Amino acid sequence: MPTARMLRLIPREGEEVSLSDEELVAAIGRNDSRAARQLYERVFEPVDAALCRVLGRRQTDHEDLMQRSFELLFSTLVNGRFAAACSLPTWASAIAARVALEAIRKRRREHRVIQYDGEGAERAETTGPRDLERELIARRKVQRVRRILSEMSPERAEALVLHDVLGHSLAEIAALTGTTVAAAQSRLVRGRKQFRERATLLEDG
Amino acid sequence: MTEEGAPAELEELRRAPLPVEPLAKSASRRAALWPGFQSAFVRARPDPVRKTPVRAIGVGLLLAGALIAGSLFVGRTTTNPSPAISTVAVPTAGPATVAELAVADGEATVRLVNGVAVTATIDSMLTFDEIEPRVDLGLGVGRFVVPKLPAPDQFSVHTPDARVVVHGTDFVVSVRLDNEHGGTVTSVSVREGVVSVHHQGGEAVLGAGESWSSAEQRAPAPVSASASPPVPAIASASAVTVPTSKPSEQPTSTLTEENALFEKAMAARKAGNDAEVVRLLDAHRRKYPTSPLGPVVERERERAMERAKQP
């Protein structure tokens, strides 16, 4: 018999145990395909929710952005960049926020920020003119926020979104962005200041 | 601590309710994104794959790309698009035990102890059951050559939306995403022998040269197995992803060449050369217009064109 290659026992369906985040990351690193399913269930909603929060709604490229988030997530896990200081859902949420900010900046470069929201985006059901007016006002607010974020420095925009929109702590933001808590706090403070200044400019202009 | 609180606009964004969608749509979206997640997992896997001691036989097998990844570890696998052939021989135990494994030119061929040979294209997701003589094809294209099995033995291929039961035949099954309706579309094309395809309570019996697709069965009229005689379901050429042909016109298989060309395109994608990706995939479309890889080719081509537009 020729020299045997190595095969690994995989538990049968129904015998899977829920793995901790660390065990899941380790299993992914071992190319365990069954761990991939657990990971998917654990990060799908945080990624979806983060994209919705930052972008305001699911747009026509929402699934592409989710796919991009998944790819970045795996890249960070495989390259050992996952920080044990936060949970996998938190990590995935932060990655999705970064993907959403990239999308906003890209659309801004393509001068599609204002038009994009109206093209194929999910539309809330309305029951009358007042609802429609409220929806339009809400959309304009989201568009304004996205415009401001797209014009800020990426680090400050990211700190702002992670803290003020997605609710991550400074310690988590530091772990997620590979900086210190002090640096994360500084970016947040400066980011808020810059956001307010730009918001005022837009109102006046 | 922060000097001021969060800007009001961001607070509003944080408190705004997330868009609600019907459960069915949410479930469909989740199912539709799963294959992409699996592909991302496959593409991101570490290189090289480490050895793992043999623990047992009849394990789940993940075949993708130019490597054997997932639940099967091979001693010397690489991310090289054209890996050296590697073979594996293991003790026999059970009908779905892997007897031999070969990897070459972006295809993986697995032979089971019961004689079944499975050749899978890149990015296919295959799982072998430990106990039953059965293979699950989650996504991709697999060619199955099943020897004549003594009654009542049978071998089956399960996809997300169909079950193909065979008794001795040569056939191709492909599974692709259904972007229009969500979920997946399964297509079956028989080269030799007879297979029965079970889908949504119905059964279609296919002979050599016949094809079937779940896309054509959206309002199925179930055919009872006891009905006499069973009529083979032959899908139209425009609906299926595998070509139909009469028994006397069996086309020469170009699966190896199709895979090789697709793999070249994926190597170009890895190298960041999107223009080359588009060129190679255009060539694939021209040369193999009815290839089972068609949907994957289209998807990768669109993505390459999008990337090429980015600054």
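A closer look at the overall build of chain B
Broken down by element type, chain B carries five helices and 13 strands. In chain B, which comprises 311 residues, the share counted as buried stands at 50%. Contacts spanning at least 24 positions in sequence make up 47% of the contacts within chain B whose residues lie at least 6 apart. On chain B, roughly 14400 Å² of surface is accessible, and the fraction owed to carbon and sulfur atoms is 54%.

Some thoughts on the overall build of chain A
Helix and strand content of chain A: nine helices and zero strands. Written out in order from the N terminus, the α and β elements of chain A read α-α-α-α-α-α-α-α-α. Per-residue burial over chain A gives 48% buried out of 205 residues. Taking the contacts inside chain A whose residues are at least 6 apart along the sequence as the reference set, 63% of them involve residues at least 24 apart. Carbon and sulfur atoms make up 51% of the accessible area of chain A, which amounts to about 9700 Å² in all.

Re the pairing of strand E11 (residues 184-199) of chain B
Residues and elements named next belong to chain B. Across three bridges, E11 lies against strand E13 (residues 211-213) in antiparallel orientation. Paired with valine 188 across the bridge in E13 is tryptophan 212. Bridging between E11 and strand E12 (residues 202-206) involves five bridges; their strand directions are antiparallel. Bridge assignment links histidine 199 to a residue of E12, and that residue is glycine 202.

Observations regarding the packing of aromatic side chains
Counted by the stated rule, this structure contains nine aromatic pairs over all chains. Taking 5.4 Å as the distance between ring centres and 70° as the angle between the ring planes, the aromatic pair formed by Tyr40(A) and Phe44(A) counts as edge-to-face. Here Tyr40(A) pairs with Phe44(A), and both are found in helix H2 (residues 33-55), just four residues apart, close to one helical turn. Taken individually, Tyr40(A) and Phe44(A) each receive the classification buried, so the pair is uniform in this respect. Taking the centre distance of 5.3 Å and the plane angle of 20° together, the rings of Phe144(B) and Phe171(B) count as stacked. In this pair, Phe144(B) is assigned in strand E8 (residues 134-146) and Phe171(B) in strand E10 (residues 162-177), connecting sequence segments 27 residues apart. Assigned by exposure class, Phe144(B) and Phe171(B) land together as buried. An aromatic cluster of at least three residues, connected via ring pairs, comprises Tyr40(A), Phe44(A), Phe70(A), Phe74(A), Trp34(B), Phe37(B) and Phe41(B). Above the plane of the ring of Trp34(B) lies Arg37(A), whose end atom (NZ or CZ) is 4.3 Å from the centre.

As for the nonpolar core
Core analysis: the largest hydrophobic core is formed by 63 residues, its most contacted members being Leu39(A), Phe70(A), Leu149(A) and Phe37(B). Val116(B), Ala120(B), Val135(B) and Val175(B) belong to the second largest nonpolar core, which has 28 residues in total.

Comments concerning the pattern of salt bridges
This structure, assessed with the given rule, holds 22 salt bridges over all chains. Put simply, Arg42(A) and Asp21(A) hold a salt bridge, and the shortest N to O gap is 2.8 Å. Placement of the pair is Arg42(A) in helix H2 and Asp21(A) in helix H1 (residues 21-29), with a sequence separation of 21 residues. Of the charged contacts in the structure, one is a salt bridge between Glu11(B) and Arg15(B), with a shortest N-O distance of 3.4 Å. Placement of both Glu11(B) and Arg15(B) in helix H1 (residues 8-15) is noted, with a separation of four residues, approximately one turn of the helix.

Observations concerning the environment of Leu177(B)
All names here are of chain B. When you line up the elements, leucine 177 lands in strand E10. Sequence separation between leucine 177 and alanine 32 is 145 residues, and the spatial gap between their C-alpha atoms is 6.9 Å. If we ignore the near neighbours within four places in the chain, the residues touching leucine 177 are Ala32, Pro35, Leu139, Gly183, Thr184 and Arg299.

Re the pairing of E8(B)
Residues and elements named next belong to chain B. Note that strand E6 (residues 117-120) and E8 share four bridges and pair antiparallel. From the neighbouring strand, valine 118 faces E8, where its bridge partner is phenylalanine 144. Pairing of E8 with strand E9 (residues 155-159) involves three bridges; the strand directions are parallel. From the neighbouring strand, valine 135 faces E9, where its bridge partner is valine 157.

Analysis parameters
Residues numbered from 1 in each chain as written. Chains lettered and ligands numbered in written order. Predicted model: local features only at pLDDT ≥ 70, side-chain atom pairs only at ≥ 80, totals over all residues. Heavy atoms only, no water. Helix = DSSP H or I, 4+ residues; strand = E, 2+ residues; numbered from the N terminus. Buried < 20%, exposed > 50% of the residue type's maximum accessible area, 1.4 Å probe, protein only. Contact = heavy atoms within 4.5 Å. Areas by Shrake-Rupley, 256 points an atom, 1.4 Å probe, with all protein chains shown as cover. Pairing = 2+ DSSP bridges. Phe/Tyr/Trp six-rings, centres within 6.5 Å; stacked < 30°, edge-to-face > 60°. Lys NZ or Arg CZ within 6 Å of the ring centre and 35° of its normal. Core = buried A, V, L, I, M, F, W, Y, C linked by side-chain atoms within 4.5 Å. Salt bridge = Lys/Arg side-chain N within 4 Å of Asp/Glu carboxyl O.

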